[in-house]
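Summary of structural features
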Amino acid sequence: MLNGLSTIINDRAAAQAGLPPDPKIGLKTKLEARNLSFYYGDAQALFDVTLSIPERSVTALIGPSGCGKSTFLRTLNRMNDIIEGTRLTGQVMLEGTDIYDPTIDVVALRKRVGMVFQKSTPFPKSVFENVAYGPRVAGRRSSKSLTELVEACLRRAGLWDEVKDRLADSALELSGGQQQRLCIARALATDPDVLLMDEPASALDPASTARVEDLIFELKQNYTIVIVTHNMQQAARVSDRTAFFNHGHLIEIDATPKMFTRPGQKQTEDYVTGRFG
C-alpha cells in the first residue's frame, strides 16, 4: 500500500515540472483550530483539536467513517450551527479572527469560506443562474458584469468549453461530473478565500473524478482548500498536507508524502496500510 501511494505522490510531483512535492512549509496560516472540541448534545465528536491550515494549499482530512473529519470541516464555516443542540469549545481562527466571535456575520463568513458537498446540488435553474445566484443575492445587478463573472468562474472550474452553448439549459441536465464542477463554479462566484470540499468526487465515475482532482490541483494556486476524502490515493494525489482523524482525535498531521510513506504514529500507519478503517 505504501509503495503504491509513493508512486502516486511521485507521479504528481512529476506533473509539477519535475519538482518535489511542496509541503507548503513557511506559508502564512490561513485557518487555525485551537483546542477545538465539538458536541452533538451530550455526545462529544471532536476532542481538543489543534490544527493549522496554510494558505494556497490543499489539506486532506482522512480517517474511518465517524472519526470526526466531516464535523471538523463544517466547523470551519459554521455549517454545524444549523444543527440543533450542537456546541463547541475552543477557537477557529480565520486570518487571526475567531469566526465564533458573537460579532461575526455568518453570511459574510460563508462567502469567504465556501463549501462543496459530497452530492452535487445544483439549483433547479439554468447553468447561468446557478453561478450568478450568489452574486445576485449579494447585490450585483449589472448584466455585463454577471456575464463576465459567470464565464470566468466556469473557466476556473474547467467547465466553460462544455457548457458555453448551454448556459440557458437546466443545470439538472448536466452529467454528474459536470454538475459537481458547476457547484464548484458556483462556490467560486462569491469570491471566497477558502474552499471546503466534503468528498467532492465520491459519487463520480473515474473520468469525472480525475477532472475534479485536476481542478483542485489548479485551484490551490489561488485558494486555500480543505478536502475530506475516504480515498487515500486521492489524498496522495491532490494534497500538500494530510491530517488523520480517529474517534474524534487528530492523531497526526504532516506533509502528505511523509504521512503516506513515513507516518509518525502507529495508528496512522495501520490506517494508510489498510489494517483498519
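So, here is what we can say about the structure in this document. Predicted model, so just to flag it, every value in this text is computed and none were measured. (Residues numbered from 1 in each chain as written. Predicted model: local features only at pLDDT ≥ 70, side-chain atom pairs only at ≥ 80, totals over all residues. Heavy atoms only, no water.)

1. Focus: the sheet that holds strand β1 (residues 29-40)
With antiparallel pairing, the four strands of this open sheet are ordered in space as β2-β1-β4-β5. Edge positions in the open sheet fall to β2 (43-54) and β5 (97-98), since each of these has one partner strand only. Across eight bridges, the pairing between β1 and β2 is antiparallel. Bridging across to β2, L36 finds its partner in V49. (Pairing = 2+ DSSP bridges. Helix = DSSP H or I, 4+ residues; strand = E, 2+ residues; numbered from the N terminus.)

2. Describing the packing of helix α5 (residues 143-156) against helix α7 (residues 176-188)
Two numbers describe a pair of packed helices, the interaxial angle and the distance between the axes. Relative to each other, α5 and α7 sit at 130 degrees, their axes nearing to 8 Å. What the angle tells us is that α5 and α7 run oblique. Considering only the axes of α5 and α7, their crossing is right-handed. Where α5 approaches α7, its residues C153, L154 and R156 are matched on the opposing element by L182, A185 and L188. Looking at side-chain class alone, the contact of α5 with α7 contains five nonpolar, no polar and one charged residues. (Axes fitted to C-alpha atoms, helices over the stretch in contact; angles between N-to-C directions. Parallel < 35°, antiparallel > 145°, perpendicular 65-115°, else oblique. Left-handed = near helix turned anticlockwise from the far one by under 90°. Contact = heavy atoms within 4.5 Å. Nonpolar A, V, L, I, M, F, W, Y, C, P; charged D, E, K, R; others polar.)

3. As for the side chain of R78
The topology assignment puts R78 in the loop between α2 (69-75) and β4 (86-94). Overall, R78 belongs to the buried group, its relative accessible area being 13%. Setting aside residues no more than four positions away along its own chain, R78 makes contact with I99, Y100, D101, I104, V106, L109 and R110. (Buried < 20%, exposed > 50% of the residue type's maximum accessible area, 1.4 Å probe, protein only.)

4. Quick word on the packing of aromatic side chains
Counting across every chain of the model gives four aromatic pairs. Ring centres of F123 and Y133 lie 5.0 Å apart, and the angle between their planes is 65 degrees; this geometry places the pair in the edge-to-face category. Pair noted here: F123 is in the loop between β6 (113-116) and α4 (127-137) and Y133 is in helix α4, with a separation of 10 residues, a long-range link. Stacked on the ring of Y39, the Lys or Arg R87 has its end atom at 4.0 Å from the ring centre. Positioned above the aromatic ring of F123 is the side chain of R186, whose terminal nitrogen or guanidinium carbon lies 4.1 Å from the ring centre. (Phe/Tyr/Trp six-rings, centres within 6.5 Å; stacked < 30°, edge-to-face > 60°. Lys NZ or Arg CZ within 6 Å of the ring centre and 35° of its normal.)

5. Concerning the sheet that holds strand β8 (residues 224-228)
Strand order in this open sheet of six strands is β6-β7-β8-β3-β9-β10, and the pairing throughout is mixed. Of all the strands in the sheet, the pair left with one neighbour each is β6 and β10 (249-255). Taken pair by pair, the neighbouring strands of this sheet meet at an average axis angle of 20 degrees, ignoring direction. Note: strand β9 (residues 241-246) against β10, six bridges, orientation antiparallel. Among the inter-strand pairings, F245 is bridged to a residue of β10, identified as L250.

6. A word on the pattern of salt bridges
Where charged atoms from two side chains of opposite charge come close, those side chains can pair. One pass over the structure, following the stated rule, counts 19 salt bridges. One salt bridge connects D193 with K30, and the closest N-O pair in it is separated by 3.9 Å. Taken as a pair, D193 in the loop between α7 and β7 (194-198) and K30 in strand β1 lie far apart in primary sequence, 163 residues in all. Using a relative accessible area of 24% as the deciding quantity, one classes D193 as partly exposed. Note that R275 and D270 form a salt bridge whose closest N and O atoms lie 3.0 Å from each other. What makes R275 exposed here is its relative accessible area of 54%. (Salt bridge = Lys/Arg side-chain N within 4 Å of Asp/Glu carboxyl O.)

7. Structural notes on helix α8 (residues 206-219)
The periodicity of an α-helix, 3.6 residues per turn, causes residues three or four positions apart to be oriented the same way. With 14 residues, α8 ought to run about 20 Å at 1.5 Å a step, and its terminal C-alpha atoms sit 20 Å apart, in line with that. Here α8 has its buried residues at S208, T209, V212, E213, L215, I216, F217 and L219. (Expected span 1.5 Å × (residues − 1).)

8. A look at the environment of F244
Note that F244 resides in strand β9. In this structure the C-alpha to C-alpha distance between F244 and L36, which are 208 residues apart in sequence, comes to 16 Å. Look past the residues within four positions of F244 in its chain and what remains in contact with it is I62, G63, P64, H249, L250, I251, E252, M259, Q267, T268, Y271 and F276.

9. Considering the side chain of N80
Topologically, N80 is positioned in the loop between α2 and β4. At 3.1 Å, the side chain of N80 forms a polar contact with the backbone oxygen of T71. Look past the residues within four positions of N80 in its chain and what remains in contact with it is F38, Y40, T71, R74, T75 and T86. (Polar contact = N/O pair within 3.5 Å; in protein donor to acceptor, adjacent residues only side chain to side chain.)

In short, shape yes, function no, at least from these values alone.
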